[in-house]
Amino acid sequence: MVSAKTLLKDVFGFCEFRPGQRQIIDAVASGENVLAIMPTGGGKSLCFQLPALLNDGLTVVISPLIALMRDQVRGLKAAGVAAGAITSGNTPSEIDTVFSQITSGDLRLLYVAPERLASSKIQNILRKSNVRCLAVDEAHCVSQWGHDFRPDYLMIGKLRHSLGVPLCAFTATADNETQQEIIERLFGGADPKVFLHGFDRPNIYLSFVPKDNPRIQIMNFVDKRKGQSGIIYCGTRAKTESLAQALQEAGHNSCYYHGGMDADRRKVVESRFVLEDGLVVVATVAFGMGVDKPDIRWVVHADLPKSIESYYQEIGRAGRDGGYAETLTLYGADDIRFRRNQIDEGLAPSNRKSADHGRFNVLLGLAEALECRRLNLLHYFGETNIKCGNCDLCERPPETFDGTESVRKALSAILRTDQYFGVGHLIDILQGNFTEKVSNHGHDKLPTFGVGKELNRVKWKAIFRQMMGHDLIRPDVERYGGLRMTEKALPILRGELSITLRADIIKSAKRDYSVKTLISDDDAPVLSALKAKRRALAENAGVPAYIIFTDKTLIDMSQRRPLNLDEMSQINGVGTKKLEKFGTIFLAVINGEVDHMHPRRQKLAGAKEGEMYDLLLAVQFKLSRGPLGVEKPLSCSASLLSKIAKLKPKSLDEMAKIIGPKKTDRFGAAFLDALNNVT
Ligand code: ADP
Ligand code: ZN
C-alpha cells in the first residue's frame, strides 16, 4: 500500500501536511466516524480526498456548492485522479459516463449534490457499488438554525445507515449547538471523533486603518497591487457600483457584485474572477460562499463588517493557497453608527439585539486594539497559543496615551447637552467654537465650553471614535443618532478607571500602504515570466490559472530555480502528473527563455551591448549554482546585467560597485572574462 506521505507528494504535490491534516486523514482512512472543524482555507478537502486514494473503493462526497464541486473534480482530474460529479448541471451523457465508471469500479471520488440524493436510481447504484466512505462538506448545512440550512442534508443520515459505511463531516462553524446538531443528524447520535483545528491563518496579514479619505486609501492600496486578484467588501450595493467604476477609471480590471443582480450576471462575475488573473471584485457579503479561488491575494473591507465572525470569514477568503495574503479593514465613526442602527432598527427580539451589539463590540475591540490583532481575533475563537509577527500592530506597536482626562471632558459635554447631539457639535463645544448651533442652544454658557482647546478637531474625532469603539458611548436611534453614554463609561466618569487610547492612529492614517515584497528583485523577472506562461496555458485550456500551478508554487520555482525535472519535482505543489505535463515547459522558462525576452535586453538589441548581455547571461546560467553546481542559486537581475554590459567594469572592485560583493564572488571573474572576449 502506498503511504499517505507519498500520495501527498505524488498526487497533490505538497511536501508537508498542514496542522491537523495528518491526524484527520489517519482517522478517516482507518474507517472511523469523524467530525472535523476547520477554518475555511484550512485544507479540509485533502482530508477526504487523500484517504479516498489510500484504500480502494469509492468515496462519496456531498457538497452544497456546485461550482466548488466542479472545481474540485477538475483539480483532481488534472492530478490524475478518477473523479466525477452528479449535479443538476450535468448533461445526461455526462451522468451516464459517471454511472458506468461507478459500476466498473474505476471511480475513486464521486461528488453528489444534496438534491440528487433523493433519486432512487442514484441510491440503488450506490448500494450496489463499493462505497467505502461518505464525506460531507459544509456539514453545518444540516443545522436548521444556521443561515445555510439545506433540507436535503437531512437525507444523509439515512443514506449512511443504508450503506453501512463510516462518515466524515467537515465544517468551519465552531459553535457547540451546531456541533451537537451535526452529530445527531448525520451520525445518528453515534459519537464521531471530533477534531477542532487551526483557526489561525498565519499567512494572512491583518491590518485596520481609520478612514481618512477612504476612496484614496483604497486607490492607493489597489494601485500598489496591480495584477493581483482581490476583493473589496462594501456595506452597500450602491457603493460597490460606484467604487468599481472609480477603479475602472483608474485603469484597474474591476467589476461589482451584489445580491441585487440577477443570477446570470452574478455567475459571469464569479467565473471571470476565477479565470482572470488580477481581477478586483467590489462586492457586498453576497460574494464569497461559492467562490473557491485559492489565489486571492488580498481582501479590503471598505466598511466595517457586522461582526467578528463575518470579518473572520471574509478575510479568510484570501490566501487559501497558503501564500502571502494581505487584508486591510477601514473603519470610522460612520461605520459604527451604521452597524448600530442596523441592529437597533432590525426586527430581532431585544435579547438578540443586545447579543448582536456584543458581537459587534468584539470587532470594534479588534479595530481599536493596542496589541497584536491575531492574538485578539483568535482569542475569540478559543485559541491561545498564537505566534504572530504578521499584523500591523506587531509590526509597528502603536503609540498610546492616557486618554482618561479627554474622555471625561467628552462625556461631560455629552451629559450636559442631555445626550442629544452628535460628534461635530460636541467637538465645537469642547473647542469653544461659537457656531450658530452653539449660540442657538446657549451651549457657550456650559462649563464644558472650550475645555478641550488643547486638541485639534482631528484628534477629538479620533477620541470620539475610540470611545464608540470601546462602547462608552452609542448613537441612539430614538434621538436621531445623538450620542448616549453607556454603563461602561460610568467608572471612567467617576474617576475609578483610567483608559489608554491610541495616539498614532491619526498619523498612521496617512501612511502609504506599500506592498510587502513577496520575492526579491532578482527573482521578480523569473516569476513574472512563469506567470505569463501559466496564463497562456490556462487560457488555452480554458481553466483557472491555479489549476495549472498556484502562486505559491511559482514563487517557490522562481526562488529555487530547478535545473532539471528531478529538482522540479521537489517544488511545493508539483505532483507527478503536473510534473509530466508542465515540468519541461516551466523549466524552459526558468532556465533560459526569460531573460532573452526581457525588455532590458530588447533595449540593447542590435548594439554590441546586446551581444555582451547574452554572453553574460550564459555565463551566469552556468554559474548560477556555483562552479560545482551545488551552491544556493544566485543571479543578477536583467537591469544589473544590462548595466554591466554598458558600463564594462574593468576590475573586480568596479564590478562589486555594480552588483555587490556576494554576486561578484560568484560571477565577477567570469563576467570580466566575458567582457574581455567581446571587446
Ligand atoms: P477548505 O478547508 O476551505 O476546503 P481547501 O481544501 O480548498 O480548503 O484547501 C485550501 C488550499 O490549501 C487549497 O489551495 C489546497 O490546495 C491547499 N492545501 C491543502 N493542503 C495543503 C498542504 N498540505 N500543503 C499545501 N497546500 C495545501
Ligand atoms: Zn500580530
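Residues numbered from 1 in each chain as written. Chains lettered and ligands numbered in written order. Predicted model: local features only at pLDDT ≥ 70, side-chain atom pairs only at ≥ 80, totals over all residues. Heavy atoms only, no water.

## Quick notes on unusual backbone geometry
Non-glycine residue Asp-418 carries a positive phi angle of around 60°. A positive phi angle, close to 60°, is found at Gln-419, a residue other than glycine. Inspection of the secondary structure assignment puts Gln-419 in the loop between helix H17 (404-416) and helix H18 (423-431). (Helix = DSSP H or I, 4+ residues; strand = E, 2+ residues; numbered from the N terminus.)

## Let's talk about the coordination of the zinc ion (ligand 2)
Surrounding the zinc ion (ligand 2) are the protein donor atoms Cys-372 (SG), Cys-388 (SG), Cys-391 (SG) and Cys-394 (SG), which sit 2.3 to 2.4 Å from the metal. Note that the zinc ion (ligand 2) binds four donor atoms; their angles at the metal cover 98 to 118°, and the shape is tetrahedral. Summarised as a motif, the one-chain spacing of the donors to the zinc ion (ligand 2) is C-x15-C-x2-C-x2-C. Take Cys-388: its relative accessible area is 26%, and that puts it in the partly exposed class. For Cys-391, a relative accessible area of 0% puts it in the buried group. (Donors = N, O, S within 2.8 Å, 3.2 Å for Na, K, Ca; no water. Tetrahedral: all angles 85-135°; square planar, octahedral: opposite > 155°, others 65-115°. Buried < 20%, exposed > 50% of the residue type's maximum accessible area, 1.4 Å probe, protein only.)

## What to know about the sheet that holds strand S6 (residues 167-171)
In space, the seven strands of this open sheet follow the order S3-S4-S2-S5-S6-S1-S7, with parallel pairing throughout. Among the strands making up the open sheet, the edge pair consists of strand S3 (83-86) and strand S7 (193-196). This sheet shows a mean twist of 20° between the axes of neighbouring strands, independent of strand direction. Here strand S1 (residues 34-37) pairs with S7 via four bridges, running parallel. Pairing of Val-34 across the sheet is with Lys-193, part of S7. Against the sheet, helix H7 (residues 155-163) touches strand S2 (58-62), strand S5 (131-136) and S6, its axis set at about 165° to S5. Contacts from helix H8 (residues 176-187) reach S1, S5, S6 and S7 within the one sheet, and its direction differs from that of S1 by about 150°. (Pairing = 2+ DSSP bridges. Axes fitted to C-alpha atoms, helices over the stretch in contact; angles between N-to-C directions. Contact = heavy atoms within 4.5 Å.)

## Let's talk about the environment of Asn-55
Tracing the sequence through the fold places Asn-55 in the loop between helix H3 (45-54) and S2. Using a relative accessible area of 19% as the deciding quantity, one classes Asn-55 as buried. Residues Asn-55 and Ala-29, 26 residues apart in the sequence, show an inter-C-alpha distance of 7.2 Å.

## Describing the domain arrangement of the protein chain
Per the domain assignment, the segments making up the protein chain are domain 1 (4-196), domain 2 (204-331 + 369-395), domain 3 (400-510), domain 4 (524-596) and domain 5 (608-676). Distance from the C-alpha centre of domain 4 to the C-alpha centre of domain 5: 25 Å. On the domain 5 side, the residues contacting the nine residues of domain 4 number eight residues. A buried area of about 730 Å², summed over both sides, lies between domain 4 and domain 5, and 54% of it is on carbon and sulfur atoms. Across the contact surface, domain 4 and domain 5 share one salt bridge. A salt bridge links Glu-567 to Arg-625, with the nearest nitrogen and oxygen atoms 3.5 Å apart. Looking at the side of domain 4 that touches domain 5, the elements with two or more residues in it are helix H25 (551-560) and helix H27 (576-596). With three residues, the top contributor of residues to the side of domain 4 that touches domain 5 is H27. Classifying every residue of the side of domain 4 that touches domain 5 gives two nonpolar, three polar and four charged. (Domains from an automatic or database assignment. Buried area = accessible area lost by both parts, 1.4 Å probe. Salt bridge = Lys/Arg side-chain N within 4 Å of Asp/Glu carboxyl O. Nonpolar A, V, L, I, M, F, W, Y, C, P; charged D, E, K, R; others polar.)

## Some thoughts on the site of ligand 1
Taken together, the neighbourhood of ligand 1 is formed by 16 residues, with Glu-16, Gly-41, Lys-44, Ser-45 and Arg-320 sitting nearest. The backbone of Glu-16 places a nitrogen or oxygen atom 2.8 Å from a nitrogen atom of ligand 1. Summarising the interface, the protein chains cover 86% of the accessible area of ligand 1, which totals 570 Å² for the free molecule. For the shell around ligand 1, the class distribution of residues is five nonpolar, six polar and five charged. The two domains that each donate at least three residues to the shell around ligand 1 are domain 1 (4-196) and domain 2 (204-331 + 369-395). (Near = heavy atom within 4 Å. Polar contact = N/O pair within 3.5 Å; in protein donor to acceptor, adjacent residues only side chain to side chain. Areas by Shrake-Rupley, 256 points an atom, 1.4 Å probe, with all protein chains shown as cover.)

## Quick word on the environment of Pro-491
Here Pro-491 shows up in helix H21 (residues 490-493). The exposure class assigned to Pro-491 is partly exposed, which follows from its relative accessible area of 22%. Counting along the chain gives 270 residues from Pro-491 to Phe-221, while the straight-line C-alpha distance between them is 40 Å. Sequence-distant contacts of Pro-491, defined by excluding residues within four places in its chain, comprise Glu-496 and Leu-497.

## Remarks on the nonpolar core
Among the nonpolar cores identified, the biggest contains 65 residues, and Val-281, Phe-287, Val-407 and Phe-464 are the most heavily contacted of them. Counting residues domain by domain, this core receives three or more from each of domain 2 (204-331 + 369-395) and domain 3 (400-510). Contacts of Val-281, omitting those with residues within four sequence positions, involve Gly-230, Ile-231, Ile-232, Cys-255, Tyr-257, Val-269, Phe-273 and Phe-287. Judged by nonpolar contacts, the second largest core, of 37 residues, contains Ile-24, Leu-46, Ala-135 and Phe-195. (Core = buried A, V, L, I, M, F, W, Y, C linked by side-chain atoms within 4.5 Å.)

## Details of the pairing of strand S10 (residues 230-233)
The alternating pattern of S10 places Gly-230 and Ile-232 and Ile-231 and Tyr-233 on opposite faces, both of which are buried. Taken together, the four bridges between S10 and strand S12 (residues 280-283) define a ladder with parallel strand orientation. What sits directly across from Ile-231, in S12, is Val-281.

## So, the confidence of the model for the protein chain
Mean pLDDT for the protein chain: 88, with 94% of residues reaching 70 or above. When the criterion is pLDDT under 50, residues 506-512 qualifies, and its contacts beyond four places in sequence or with other chains add up to 11 contacts. (pLDDT = per-residue confidence, 0-100.)

## Quick notes on the environment of Glu-454
Of note, Glu-454 is situated in the loop between helix H19 (436-440) and helix H20 (457-469). Accessibility expressed as a relative area gives 49% for Glu-454, which makes it partly exposed. A distance of 2.9 Å separates polar atoms of two side chains, one belonging to Glu-454 and the other to Lys-409.

## Side note on H7
What H7 keeps buried is the set Ile-156, Gly-157, Leu-159, Arg-160 and Leu-163. All buried residues of H7 project into a common sector of 165° when viewed along the axis, lining one side. Counted as exposed and oriented over 90 degrees from the buried face of H7: Lys-158 and His-161. Where H7 terminates, the next one or two residues include Gly-164, which has phi positive at roughly 60°. (Arc of directions from axis to C-beta.)

## Looking at the packing of aromatic side chains
As enumerated under the stated definition, the model contains 12 aromatic pairs in all. Between Phe-549 and Phe-582 the ring centres are 5.8 Å apart and the planes differ by 70°, which places this aromatic pair in the edge-to-face class. With Phe-549 in the loop between helix H24 (545-548) and H25 and Phe-582 in helix H27, this residue pair connects regions lying 33 residues apart in the sequence. Judged by its relative accessible area of 10%, Phe-582 falls in the buried class. Where Phe-582 meets Phe-586, the ring centres are 6.4 Å apart and the plane angle is 85°; that geometry is what we call edge-to-face. On the criterion of helical spacing, the pair formed by Phe-582 and Phe-586 is a turn pair, its members being four residues apart in helix H27. The exposure classification of Phe-582 matches that of Phe-586, with both residues buried. In this structure, Arg-225 is placed above the aromatic ring of Phe-221, and the distance from its NZ or CZ to the ring centre is 3.8 Å. When the ring centre of Phe-273 is taken as reference, the NZ or CZ atom of Lys-293 above it lies at 5.5 Å. (Phe/Tyr/Trp six-rings, centres within 6.5 Å; stacked < 30°, edge-to-face > 60°. Lys NZ or Arg CZ within 6 Å of the ring centre and 35° of its normal.)

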